[in-house]
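In case you want the letters, here they are:
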Amino acid sequence: SQQGEEDPQALSIQEGENATMNCSYKTSINNLQWYRQNSGRGLVHLILIRSNEREKHSGRLRVTLDTSKKSSSLLITASRAADTASYFCATFKSYGKLTFGQGTILTVHP
Amino acid sequence: DVKVTQSSRYLVKRTGEKVFLECVQDMDHENMFWYRQDPGLGLRLIYFSYDVKMKEKGDIPEGYSVSREKKERFSLILESASTNQTSMYLCASSFGSPLHFGNGTRLTVT
């Protein structure tokens, strides 16, 4: 299976609720990144967490990293309909090469 | 802001045609990447380049080649297009992390 697997594959919530997505990976990493993709568009970088960090915040985003469990989670607080998108985690080892997971499709209902 | 431009948003080609997908970035990034994205499979790396005239195979290079004659331009070539190469192709560039993506080229091979 691929490095960087997201869970769940799809998530449907109401506006105002929190959304949590998880990512597991298999090998050691330099950093882990989360990206967002609106339908039919390219990916946009959201947040990067280094292997020596445990938690990071950016606006309504909170990312955690547990290197002992080789897992990460992305929390979006107070979700909005505009947060509807696919979210991908990606692991970075070297040479700028990222390995992406299959993504979580988030739907936020108004 | 970094801009990564993919020359075509949509392409329709016939089986056996030689297909060129062009990508240009305006931030003097050393690294450039080609991914393909398919439902249920996420993003898979085809080729990447970390310098002019340098290229490295990614996870799925079969049936593809690349060219990087200038730092800002990275071309993906399908020597003889086949129907199983129908996909969304995403170009990205970076200087380390994170990656900056273009909006993608949706290629249909009939």
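In this report, the structure presented in the accompanying data block is examined. (Residues numbered from 1 in each chain as written. Chains lettered and ligands numbered in written order. Predicted model: local features only at pLDDT ≥ 70, side-chain atom pairs only at ≥ 80, totals over all residues. Heavy atoms only, no water.)

This next bit is on the overall build of chain A. If you tally the helices and strands in chain A, you get 0 helices and 11 strands. Along chain A, helices and strands appear, N-terminal first, in the series β-β-β-β-β-β-β-β-β-β-β. For 110 residues, the compact-globule estimate of 2.2 N^0.38 gives 13 Å, and the C-alpha radius of gyration of chain A, at 13 Å, lies within 12% of that figure. Once the C-alpha set of chain A is aligned to its principal axes, its extents read approximately 40 × 25 × 20 Å. Buried residues in chain A amount to 43% of all 110 residues. Taking contacts inside chain A between residues at least 6 apart in sequence as the whole, the part at least 24 apart equals 55%. (Helix = DSSP H or I, 4+ residues; strand = E, 2+ residues; numbered from the N terminus. Rg over C-alpha atoms; globule rule 2.2 N^0.38 Å. Buried < 20%, exposed > 50% of the residue type's maximum accessible area, 1.4 Å probe, protein only. Contact = heavy atoms within 4.5 Å.)

A few words on the interface of chain A and chain B. Each partner contributes to the interface: chain A provides 20 residues, whereas chain B provides 21 residues. Note on chain A versus chain B: buried area summed over both sides is about 1700 Å², and carbon and sulfur give 54% of it. Counting the contacts that link chain A with chain B gives 0 salt bridges. Counting the contacts that link chain A with chain B gives 4 residue pairs in polar contact (both at pLDDT 80 or more). Of all elements in the fold, only β4 (31–37), β5 (43–50), β9 (85–92) and β10 (98–100) of chain A reach the threshold of two or more residues within the side of chain A that touches chain B. Ranked by residues supplied to the side of chain A that touches chain B, first place goes to β4(A) with 4 residues. Taken together, the residues that form the side of chain A that touches chain B break down as 8 nonpolar, 10 polar and 2 charged. (Buried area = accessible area lost by both parts, 1.4 Å probe. Salt bridge = Lys/Arg side-chain N within 4 Å of Asp/Glu carboxyl O. Polar contact = N/O pair within 3.5 Å; in protein donor to acceptor, adjacent residues only side chain to side chain. Nonpolar A, V, L, I, M, F, W, Y, C, P; charged D, E, K, R; others polar.)

For the rest of this paragraph, the subject is the sheet that holds strand β3 (residues 19–24) of chain A. Residues and elements named next belong to chain A. The strand order β1-β3-β8-β7-β6 describes an open sheet built from 5 strands, whose pairing is antiparallel. This sheet does not close on itself; its edge strands, each paired only once, are β1 (5–7) and β6 (55–58). Averaged over all pairs of adjacent strands, the angle between strand axes in this sheet comes to 20°, irrespective of strand direction. Pairing geometry for β6 and strand β7 (residues 61–66), over 4 bridges, is antiparallel. (Pairing = 2+ DSSP bridges. Axes fitted to C-alpha atoms, helices over the stretch in contact; angles between N-to-C directions.)

Next up on the list: the packing of aromatic side chains. Tallied over the full model, the rule gives 8 aromatic pairs over all chains. Measuring from ring centre to ring centre gives 6.0 Å for B:Tyr64 and B:Tyr89, while their planes differ by 65°; the resulting arrangement is edge-to-face. Of this pair, B:Tyr64 sits in strand β7 (residues 64–70) while B:Tyr89 sits in strand β9 (residues 87–94), placing them 25 residues apart in sequence. Given the relative accessible area of 7%, B:Tyr64 is considered buried. Overall, B:Tyr89 belongs to the buried group, its relative accessible area being 0%. Through successive ring pairs, a cluster of aromatic residues spans A:Tyr35, A:Phe100, B:Phe33, B:Tyr35, B:Phe48 and B:Phe101. Directly above the aromatic system of B:Tyr10 lies the positively charged group of B:Arg9, at a separation of 5.7 Å from the ring centroid. (Phe/Tyr/Trp six-rings, centres within 6.5 Å; stacked < 30°, edge-to-face > 60°. Lys NZ or Arg CZ within 6 Å of the ring centre and 35° of its normal.)

Charged atoms that come close allow side chains of opposite charge to pair. Under the definition given, this model contains 8 salt bridges over all chains. For A:Arg62, the salt bridge identified is with A:Glu55, shortest N-O distance 3.1 Å. Between B:Lys18 and B:Glu79 there is a salt bridge; the shortest N-O distance is 3.6 Å. Of this pair, B:Lys18 sits in the loop between β2 (10–13) and β3 (19–25) while B:Glu79 sits in the loop between β8 (73–78) and β9; the two residues are 61 residues apart in sequence, bridging distant segments of the chain. Exposure remark for B:Lys18: the relative accessible area of 45% places this residue in the partly exposed category. Since its relative accessible area comes to 42%, B:Glu79 is described here as partly exposed. The network of salt bridges with common partners includes A:Arg36, A:Arg60 and A:Asp83.

To continue, consider unusual backbone geometry. Excluding glycine, a negative phi dihedral is what most residues carry, and trans is how most peptide bonds are arranged. The step from A:Asp7 to A:Pro8 runs through a cis peptide bond, and the omega angle for that step is 0°. One can find A:Pro8 in the loop between β1 and β2 (10–14). Even without glycine at this site, A:Lys70 takes up a positive phi of about 50°. With respect to the secondary-structure elements, A:Lys70 resides in the loop between β7 and β8 (71–76). Given the relative accessible area of 29%, A:Lys70 is considered partly exposed. The backbone of B:Lys53 sits at a positive phi, close to 65°, despite the residue not being glycine. Note that B:Lys53 resides in the loop between β5 (42–49) and β6 (56–57). Judged by its relative accessible area of 57%, B:Lys53 falls in the exposed class.

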